[in-house]
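Geometric and topological summary
In case you want the letters, here they are:
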Amino acid sequence: MNLHEECLLKYLLNPLDLAHSTELLKLNNAIIAKENLSGSNHNKRLNIKYTVTRN
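Let me sum up the structure you'll find in this document. (Residues numbered from 1 in each chain as written. Predicted model: local features only at pLDDT ≥ 70, side-chain atom pairs only at ≥ 80, totals over all residues. Heavy atoms only, no water.)

Now for the overall build of the protein chain. When helices and strands are tallied, the protein chain shows 2 helices and 0 strands. Taking all 55 residues of the protein chain together, 11% fall into the buried category. Accessible surface, the protein chain as shown: approximately 5000 Å² in total, 55% of it carbon and sulfur. (Helix = DSSP H or I, 4+ residues; strand = E, 2+ residues; numbered from the N terminus. Buried < 20%, exposed > 50% of the residue type's maximum accessible area, 1.4 Å probe, protein only. Areas by Shrake-Rupley, 256 points an atom, 1.4 Å probe, with all protein chains shown as cover.)

What follows is the structure in structure tokens.
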């Protein structure tokens, strides 16, 4: 199970803990983006937008 699946499962088990899972995924995505930018693709820019909706 990868990190995104774990966060989804955690959210399904406890919907009130959405903020923690969201922050964890933001951090993970930022690390991945930093790794991608530090490689040979210096000219590429990643524009990641996060939207949290609540019903």
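Mapped onto the secondary structure, His20 falls in helix H2 (residues 18-37). Since its relative accessible area comes to 43%, His20 is described here as partly exposed. When the C-alpha positions of His20 and Lys10 are compared, they lie 9.7 Å apart, and in sequence the two are 10 residues distant.

Before going further, it helps to examine H2. Relative to the 28 Å expected for 20 residues at 1.5 Å per residue, H2 spans 28 Å between its end C-alpha atoms, a close match to the ideal helical length. What H2 keeps buried is the set Leu18, Ser21, Thr22, Asn28 and Ala33. The buried side chains of H2 occupy one side of the element, clustering within an arc of 135° when seen end-on. Those residues of H2 that are exposed and aimed more than 90 degrees away from the buried face are Leu27, Lys34 and Glu35. Of the surrounding secondary structure, the elements contacted by the buried residues of H2 are helix H1 (3-13). (Expected span 1.5 Å × (residues − 1). Arc of directions from axis to C-beta. Contact = heavy atoms within 4.5 Å.)

On to a nonpolar patch on the surface, then. Nonpolar side chains collect at one region of the surface, where Met1, Leu9 and Leu13 lie side by side and expose about 360 Å² of accessible area between them. With respect to the secondary-structure elements, Leu9 resides in helix H1. Leu9 gets classed as partly exposed once you look at its relative accessible area, which sits at 39%. (Patch = residues over 30% accessible without salt bridge, like charges linked within 9 Å, V, L, I, M, F, W, Y side chains within 5 Å. Salt bridge = Lys/Arg side-chain N within 4 Å of Asp/Glu carboxyl O.)

Attention now moves to the packing of H1 against H2. Where H1 contacts H2, the axes come no closer than 9 Å and their chain directions differ by 170°. On the basis of their axis angle, the class for H1 and H2 is roughly antiparallel. Of the residues in H2, those touching H1 at Leu3, His4, Cys7, Lys10 and Tyr11 are Leu18, His20, Ser21, Leu24, Leu25, Asn28 and Asn29. (Axes fitted to C-alpha atoms, helices over the stretch in contact; angles between N-to-C directions. Parallel < 35°, antiparallel > 145°, perpendicular 65-115°, else oblique.)

Treat this as a map of the structure, not an account of what it does.
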